[in-house]
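Breakdown of the fold
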Number of protein chains: 4
Amino acid sequence: MTDRLHVPIHLRWGDLDAFNHVNNATMLKLLEEARVRVFWMPVGGEEAPATAVIETGADARHLSLIARQEIEYLAPVPYRREPLDIQLWFGKLGGSSVEVCYEVYSPAGAEPQVLYARASSAVVLVDAATFRPVRLSDRMRAAWTPYLGAPVVFSRR
Amino acid sequence: MTDRLHVPIHLRWGDLDAFNHVNNATMLKLLEEARVRVFWMPVGGEEAPATAVIETGADARHLSLIARQEIEYLAPVPYRREPLDIQLWFGKLGGSSVEVCYEVYSPAGAEPQVLYARASSAVVLVDAATFRPVRLSDRMRAAWTPYLGAPVVFSRR
Amino acid sequence: MTDRLHVPIHLRWGDLDAFNHVNNATMLKLLEEARVRVFWMPVGGEEAPATAVIETGADARHLSLIARQEIEYLAPVPYRREPLDIQLWFGKLGGSSVEVCYEVYSPAGAEPQVLYARASSAVVLVDAATFRPVRLSDRMRAAWTPYLGAPVVFSRR
Amino acid sequence: MTDRLHVPIHLRWGDLDAFNHVNNATMLKLLEEARVRVFWMPVGGEEAPATAVIETGADARHLSLIARQEIEYLAPVPYRREPLDIQLWFGKLGGSSVEVCYEVYSPAGAEPQVLYARASSAVVLVDAATFRPVRLSDRMRAAWTPYLGAPVVFSRR
């Protein structure tokens, strides 16, 4: 099985909607935060995984934009103090884009873990000034290839 | 061409993220609000379209849950005071679920309109107590059939 | 009584939290949107009140920052399709800051209106590059003085 | 000096607004999450501080409602991977309400810490069915008294 990045993401009670579980749109906010932690270069002594090679900040030459997302919700997500275990890998490394794949699990440590959702995002690297796609750098490919595997398979399409 | 519901949804400046356009996850919040306005029975003299036949409130026998969503982002969405023109129709009316299709356009009235995003949601009607799927009622089918058409076609899948 | 600006702000069902009324922090998002509509210069043919004289966009010389906020919640706010009636005026026009006062009412038109919340924000005009306070312009003072009145009185301090 | 609860709260990049720092209203979401972690009884083996004595869930007899909030923003909050250090104590334990006081600091461990904001919330304990105030229990008073101290002093009122 593909190596996966395990990103612990804390819920907030405010992520729940009036149905008392994590809101469907808010789930994509959680995936966004997982991406930020996996991709963005650390600043000021932050700890970050080896995949965190995208420049950020006002001087960054590149931006990463979301072109497409797909998500299946498999079970309602309750509020818990422990962080969700968001597992992340790459379904494809293209010329200037990547397919990020996710499975969202209940907190690590408690068995069995519940699979709450599976999802994918097409992320395009663009020039920060012109918004034109730019090629992934050798450094990016090298950093991300260890987590390249089969794309997520959706059951409901 | 299929008849579509046109739902005006106001942006908030707070929908923008640090990239200064509407956040990708927040786009699903806008779709959610369009669904609520299209589907939920009016209360206390509210105006609502003829499709608004799903009961709400503490006594409601049914809930509508999101099983799946897919979205393509075609252009960045800037903040504007005028409401977006979210166009909504049905790609499928199943036994206990529907496929809701959307195109998100810049505000109506200004020509040409910009197509910002296309999306679809699988919505399942469930029993409010047991969370088991329940069949769409005849009233629902009658209310929604006029907006039944070809599902949204995604270009990037 | 002071003249007030009446800003219609649409709720979203997603503004509710798991207690099934508008979340306490989200109330400040609604006030933010009311401020944006009252203060920010219109672009591209937008309609805006005469108070909308603060430049926006990448070239803007000034930013308006929030230094302080206070809010009292008087009644839970349910979801409704019609916009809330947010009433807004100035409690003070200082050298480089203003005190914005608000009362948040149920939708206009239905009698009697319910007062949901009262609030105030200290807004400071700063230089966009240095973040140093800058003096309100004559144009700002002229535009805002008609809505200058007694500050909001909080009952629970 | 009063004993304080130190609650680590992770930011999300999505908490930033188009000005590229944590949004003013979103700051109250962070305070909300700090309160939840401090006050709500743990479920299913969660770790929680000794102050976590308010029942939650569908069977809870009580709800805690926010009656009032006040906040001063002292410095813009950037996104960081490490959690903010939200310090929390009680300014008052009343008959059926408490005043919760907060100071929001940059992540613990880096010296010197930056004080980003100070705030207070009036929280009222109410009956879940009638929404009438109910008296704090002896257990609540005993759990919270160790963190009772001088209320936050606001500099800009």
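Analysis parameters
- Residues numbered from 1 in each chain as written.
- Chains lettered and ligands numbered in written order.
- Predicted model: local features only at pLDDT ≥ 70, side-chain atom pairs only at ≥ 80, totals over all residues.
- Contact = placed C-beta atoms within 7 Å.
- Helix = DSSP H or I, 4+ residues; strand = E, 2+ residues; numbered from the N terminus.
- Pairing = 2+ DSSP bridges.
- Least-squares fit on C-alpha atoms with pLDDT ≥ 70 in both.
- Buried ≥ 20, exposed ≤ 12 C-beta atoms within 10 Å, placed from the backbone.
- Axes fitted to C-alpha atoms, helices over the stretch in contact; angles between N-to-C directions.
- pLDDT = per-residue confidence, 0-100.
- Nonpolar A, V, L, I, M, F, W, Y, C, P; charged D, E, K, R; others polar.
- Expected span 1.5 Å × (residues − 1).
- Parallel < 35°, antiparallel > 145°, perpendicular 65-115°, else oblique.
- Core = buried A, V, L, I, M, F, W, Y, C linked by C-beta atoms within 7 Å.

Here the focus is the interface of chain B and chain A. Contacts between the two partners involve 17 residues from chain B, matched on the other side by 17 residues from chain A. Among the elements that line the side of chain B that touches chain A, the one with the most residues is strand β2 (residues 62-73) of chain B, at 9 residues. The sheet contact formed by strand β2 (residues 62-73) of chain A and β2(B) spans 5 bridges and is antiparallel. Residue A:E72 lies in a different strand from β2(B), and its bridge partner there is B:R68.

What follows is about the relation of the copies chain B and chain A. Of the transformation superimposing chain B on chain A, the axial component is 0.0 Å and the angular component is 180°, with the fit at an RMSD of 0.0 Å. Interpreted geometrically, this transformation is the action of a two-fold axis. Identified as the residue of chain B closest to the rotation axis by C-alpha distance is B:E70, at 2.1 Å. Same-surface contact between copies: 100% of interface residues of chain B are shared with the interface of chain A.

The next point concerns the pairing of strand β3 (residues 84-93) of chain A. All names here are of chain A. Most of β3 sits inside the fold, with 7 of its 10 residues counted as buried. In the sheet, strand β1 (residues 5-9) pairs with β3 via 5 bridges, with the strands oriented antiparallel. When the bridges of β3 are listed, I9 appears paired with L84. Sheet analysis places β3 next to strand β4 (residues 97-105), joined by 8 bridges and oriented antiparallel. Its bridge partner lying in β4, W89 is registered against C101. Turn length for the β3-β4 hairpin, with the two strands adjacent in sequence and antiparallel, is 3 residues.

This paragraph deals with the sheet that holds strand β1 (residues 5-9) of chain B. Taken together, the 10 strands give an open sheet; going across it, the order is β1(A)-β3(A)-β4(A)-β5(A)-β2(A)-β2(B)-β5(B)-β4(B)-β3(B)-β1(B), and neighbouring strands pair in antiparallel fashion. Sheet topology places β1 of chain A together with β1 of chain B at the edges, where each strand pairs with a single neighbour. Geometrically, the sheet is characterised by an average inter-axis angle of 30° between neighbouring strands, direction not taken into account. Relative to the sheet, helix α1 (residues 24-39) of chain A contacts β1, β2, β3, β4 and β5 (115-127) of chain A together with β2 of chain B, its axis offset from that of β1(A) by approximately 125°. Its contacts with the sheet put helix α1 (residues 24-39) of chain B on β2 of chain A together with β1, β2, β3 (84-93), β4 (97-105) and β5 (115-127) of chain B, and the angle it makes with β1(B) is roughly 125°.

For chain A, per-residue confidence averages 95 on the pLDDT scale, and 99% of positions sit at 70 or higher. Predicted complex metrics record ipTM = 0.95 and pTM = 0.96.

Another point: the interface of chain B and chain D. Contacts between the two partners involve 7 residues from chain B, matched on the other side by 7 residues from chain D. Class assignment of the residues belonging to the side of chain B that touches chain D gives a composition of 3 nonpolar, 3 polar and 1 charged.

Quick look at helix α1 (residues 24-39) of chain D now. Its 16 residues give α1(D) an end-to-end C-alpha distance of 23 Å, which sits within 8% of 22 Å, the value for a rise of 1.5 Å per residue. Burial runs high along α1(D): 16 of the 16 residues are buried.

As a further point, take the pairing of strand β2 (residues 62-73) of chain C. Across 11 bridges, the pairing between β2(C) and strand β5 (residues 115-127) of chain C is antiparallel. For C:E72, the partnering residue across the bridge sits in β5(C) and is C:R118.

Right, let's get into the relation of the copies chain B and chain D. Overlaying chain B on chain D yields an RMSD of 0.0 Å, the required transformation being a rotation through 180° with an accompanying axial translation of 0.0 Å. A shared interface surface links the copies, since 100% of the contact residues of chain B are contact residues in chain D too.

Turning next to the sheet that holds strand β1 (residues 5-9) of chain C. As summarised here, the arrangement of the 10 strands in space is β1(C)-β3(C)-β4(C)-β5(C)-β2(C)-β2(D)-β5(D)-β4(D)-β3(D)-β1(D), forming an open sheet in which the pairing is antiparallel. Strands with a single pairing partner mark the edges of an open sheet, and in this sheet they are β1 of chain C together with β1 (5-9) of chain D. Here the average twist between neighbouring strands, direction ignored, is 30°. Running over the sheet, helix α1 (residues 24-39) of chain C touches β1, β2, β3 (84-93), β4 (97-105) and β5 of chain C together with β2 (62-73) of chain D and is turned about 125° from β1(C). Each of β2 of chain C together with β1, β2, β3 (84-93), β4 (97-105) and β5 (115-127) of chain D touches α1(D); the most contacted strand, β1(D), lies at about 125° to it.

The next point concerns the packing of α1(A) against α1(B). Packing of α1(A) against α1(B) leaves a shortest axis separation of 8 Å and a crossing angle of 180°. Taken together, the axes of α1(A) and α1(B) are roughly antiparallel relative to one another. Residues A:N24, A:A25, A:L28, A:K29 and A:E32 of α1(A) pack against B:N24, B:A25, B:L28, B:K29 and B:E32 of α1(B). Here the residues of the contact of α1(A) with α1(B) sort into 4 nonpolar, 2 polar and 4 charged.

Ranked by internal contacts, the top residues of the largest apolar core, which has 154 residues, are A:L88 and B:L88. Once you skip the residues sitting within four places of it in the chain, B:L88 turns out to touch B:R4, B:L5, B:V7, B:A34, B:V38, B:V100, B:C101 and B:Y102.

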